[in-house]
Structures are given as structure tokens and as C-alpha cells.
Amino acid sequence: MAASLAIGLRTAFMVLGCVSTATVLYTIITDGLPFRKQLFTPWMAATLIDFYINILAIAVWIVYKEANWIWSIIWIVLLICLGSITTCVYIVLQFLMLSPQESIQDPIYFVLLRNRKRNETESKSIMSVLSARILFSVLGCLMLGTLVYTLATDGSPFRQENLTPWLSATLVDFYVNVVALSVWVAYKESNWKTSTIWIILLICFGSISTCAYIVLQLFRLSSQDPTFLVLFNSNNRAVNGCEEALHTEKCTLGVGNVDYINFSR
């Protein structure tokens, strides 16, 4: 079942990456380059803010994921320039790097898990839990303010003149990233009803929902926890928390002693 999931997700993101690439190429051929002032309408600006807040969430994961800062910077630059094309390429590469055992056990967990250098023992923390809460709260409020302001000054987005070729291409790009975030939400949530509600909110409200979900998950961590634990569901979090934070043969959780399990690659 887990192996089929790995193959299915890998194939899905290959297809989505091809769709994003084809959309960009088609739009360039039929409508020219996007760097024109007349394309920068109020709703295009709001969409780009929405888009790049989601990009930031994915970029934070990539910085954690990569053991080498140079590779982190390269991937982030590609993410900013190429959007969901980079997202799909990166995710597919992470699935291809899984061992057969990892694919059978829990492929999403191992894709999320950091790539380690040999003999590395210290966990990598970009920011504290408190800083992450503040950052994504501010970003969520920024997007909410942008949405309200654009509605008040430019009216509803559901008008024919707003749907330019490049706005359509940006929306395709945006929703491919939403698919990636939705897979993460479905992995995190043990209840399919809760997953469905959050995915619908992601589709309808974009990065406002992304920020709200991340902040909610961060509030489930203590301020002393490593921030990266927000990536994992409750089952994987306990094991990963022991492995990354303590690096001992035994670790004590709230329910007692749990044997150390080496999930590092």
C-alpha cells in the first residue's frame, strides 16, 4: 500500500510538473512574456502575494530538508523563478531518492525528513517555534488584508476582464502548489473529514488557510520543541523528536520510555 502511494504521488507530481511547464510555454507563445505593466492588475498583484506566501512555506521545508546551504539557495531561487515547476521537480527527486524499504514503510515521512550528512548529529533549526508562529501569523494577516483591500478597491475577481492568459497561468501554478500542500495536510491529519475541510479551505482561501493551518500546528508544539516537528504527523513526530533532539539509545516521552529507532538515511 505504501509503495503504491509512493509511485502514485511520484507519477502525479511528474504529470503536474509537465502541466505547469506546458502552461507557461503555451502562454509565452500565445501572449508573450509576462513582464508588461498592463498585466499587473490589482487581482494579479493579490494572486502573486498569495502565490509567494505558499512558496515561502515550501521554501522553509526545502531549507530544512537540504543538508547543504548552497543547494538550499539554488532550490529557493528556482522556486521563486519557476514556481510549481520547481516544486514538482524537487518532490519527484525526493521520491526517487527513497530506498525500497523507505517506500514500503512511510514514503511521505521520509520525503519530508531532512537529508543528513554522514555522522551528522545536530538537528537543523531555521527558527524557533515562537518565531515561526509570529511569521506565519503576520503572513496570514497580510494576505487577508490584501484580499479585503482588493475586494474593496477593485470589486469581485470573477469578471471576464480579470482572466488574462497570464493570470490563468499563475492560477495553474498556484493550485499545483496547493496540491503539494494538500498532500501534506492529508498526511498530517488522521481524520479524513478534517483533511477534506482543510483542503477545501486551501482551495478557496489559498495562503490564508496555509498560514492558519501552520500556525495551528505550531501551537500544538511547545516553545522548546524543534520547529521541524511541525512537518510530521503525531505518530512520526514522537520517533523523530527522540532521534533529532536527544540522539540517545532511549528517550523518554510523556507515556514512558520508547526504544530509539534509527530512521536516518
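Small disclaimer: the values here were computed from a predicted structure and weren't measured.

A. Representation of the nonpolar core in the model. Membership of the largest hydrophobic core comes to 53 residues, with the highest contact counts inside it found for W61, L112, W184 and F232. With residues up to four places along the chain from it excluded, the contact list for L112 reads W61, Y64, K65, W184, Y187, L231 and F232. In this structure, L39, M44, W166 and L167 belong to the second largest nonpolar core, which totals five residues.

B. Seen up close, the pattern of salt bridges. Summed over all chains, the structure comprises three salt bridges. In this structure, the salt-bridge partner of D154 is R159, at a minimum N-O distance of 3.4 Å. Linking R159 and E161 is a salt bridge whose minimum nitrogen-to-oxygen distance equals 2.9 Å. Overall, R159 belongs to the partly exposed group, its relative accessible area being 26%. In the salt-bridge network here, residues are joined through shared partners; they are D154, R159 and E161.

C. Spatial organisation of the side chain of S103. Take S103: it is sitting in helix 5 (residues 100–105). Once you skip the residues sitting within four places of it in the chain, S103 turns out to touch A2, A3, A6 and L98.

D. Local environment of the packing of aromatic side chains. Applying the stated criterion across every chain, the model contains nine aromatic pairs. Note on F51 and Y52: the rings are 4.8 Å apart at their centroids and 85 degrees apart in plane angle, and the pair reads as edge-to-face. With relative accessibility at 36%, the residue Y52 sits in the partly exposed group. On the numbers, 4.8 Å between centres and 75 degrees between planes, the contact of W75 with Y90 is edge-to-face. Taken as a pair, W75 in helix 3 (residues 69–82) and Y90 in helix 4 (residues 84–96) lie far apart in primary sequence, 15 residues in all.

E. Quick peek at helix 4. Here helix 4 spans 18 Å end to end across 13 residues, near enough to the 18 Å set by a 1.5 Å rise per residue. Of all 13 residues in helix 4, 10 are buried; the element is thus mostly enclosed. Taken together, the buried positions of helix 4 are S84, I85, T86, T87, C88, Y90, I91, V92, Q94 and F95. On its buried face, helix 4 is in contact with helix 1 (2–31), helix 2 (42–65), helix 3, helix 6 (107–112) and helix 8 (165–188).

F. Looking closely at the side chain of E189. The topology assignment puts E189 in the loop between helix 8 and helix 9 (192–205). R220 is the oppositely charged side chain nearest to the buried, salt-bridge-free E189, at an N-O distance of 4.4 Å. For E189, the side chain forms a polar contact with the side chain of Y213, separated by 2.6 Å. Setting aside its immediate chain neighbours within four residues, E189 contacts T194, S195, Y213, Q217 and R220.

G. Quick peek at the environment of L78. Tracing the chain through its elements places L78 in helix 3. Contact partners of L78, with chain neighbours within four places excluded, come to G83 and T86.

H. Quick look at the confidence of the model for the protein. For the protein, the mean per-residue pLDDT works out to 87, and 86% of the residues sit at or above 70. Note on residues 245–265: pLDDT is under 50 here. Beyond four places in sequence and across chains, it has 39 contacts.

I. Focus on the state of the cysteines. All chains considered together, the criterion is met by zero disulfides. The structure places no disulfide on C211, whose sulfur is separated from the nearest cysteine sulfur, that of C141, by 8.8 Å. C211 sits in the buried class, given a relative accessible area of 2%.

J. Region of interest: the packing of helix 9 against helix 10 (residues 207–218). Here helix 9 crosses helix 10 at 140 degrees, and the two axes come no closer than 6 Å. By the criterion of interaxial angle, the relationship of helix 9 to helix 10 is oblique. Between helix 9 and helix 10, the residues in contact are W198, L201, L202 and F205 and S207, I208, S209, T210, A212, Y213 and L216, respectively. Considered class by class, the residues forming the contact of helix 9 with helix 10 number eight nonpolar, three polar and no charged.

Conventions used here
- Along each chain, the written sequence defines residue order, and numbers are assigned to residues from 1.
- With pLDDT at 70 or above as the cut-off, local features in this predicted model cover only qualifying residues; side-chain atom pairs require 80 or more to be listed or tallied, and sums for whole chains, interfaces and linings still use all residues.
- Excluded from the side-chain calculations are hydrogens and water; all other atoms, namely the structure's heavy atoms, are used.
- Definition used in this section: a nonpolar core is a set of buried Ala, Val, Leu, Ile, Met, Phe, Trp, Tyr and Cys residues joined via side-chain atoms within 4.5 Å.
- The classification of residues rests on relative accessible area computed with a 1.4 Å probe and restricted to protein chains. Under 20% of the type maximum is buried, over 50% is exposed, and intermediate values are partly exposed.
- Note on contacts: a residue pair is in contact if any heavy atoms of the two residues lie within 4.5 Å.
- Basic side-chain nitrogens of Lys or Arg form a salt bridge, by our definition, when they fall within 4 Å of a carboxyl oxygen of Asp or Glu.
- Helix and strand definitions here come from DSSP, where helices need a minimum of 4 consecutive H or I residues and strands a minimum of 2 consecutive E residues; each element is numbered from the N-terminal end.
- When the centres of two rings from Phe, Tyr and Trp lie within 6.5 Å, Trp using its six-membered ring, the rings pair. Their planes under 30 degrees apart give stacked, over 60 give edge-to-face, and anything left gives tilted.
- For a helix, the expected span equals 1.5 Å multiplied by the number of residues minus one.
- Residues scored as positive are Lys and Arg, those scored as negative are Asp and Glu, and His as well as the terminal groups of each chain are ignored.
- Think of a polar contact as two N or O atoms within 3.5 Å of one another; within protein, one of them needs to be a possible hydrogen donor and the other a possible acceptor, and neighboring residues in sequence only count if both atoms come from side chains.
- What pLDDT reports is the predictor's confidence in each residue, on a scale of 0 through 100.
- In what follows, a disulfide is any cysteine sulfur pair within 2.5 Å.
- For helices, the axis comes from a line fit to the C-alpha atoms of the stretch in contact; other axes are also lines fit to C-alpha atoms, and the angle between any two N-to-C directions lies between 0 and 180 degrees.
- Comment on the angle field: the value is read as roughly parallel under 35 degrees, roughly antiparallel over 145, roughly perpendicular from 65 to 115, and oblique elsewhere.
- Three classes are used: nonpolar for Ala, Val, Leu, Ile, Met, Phe, Trp, Tyr, Cys and Pro, charged for Asp, Glu, Lys and Arg, and polar for all others, with Gly counted as polar.

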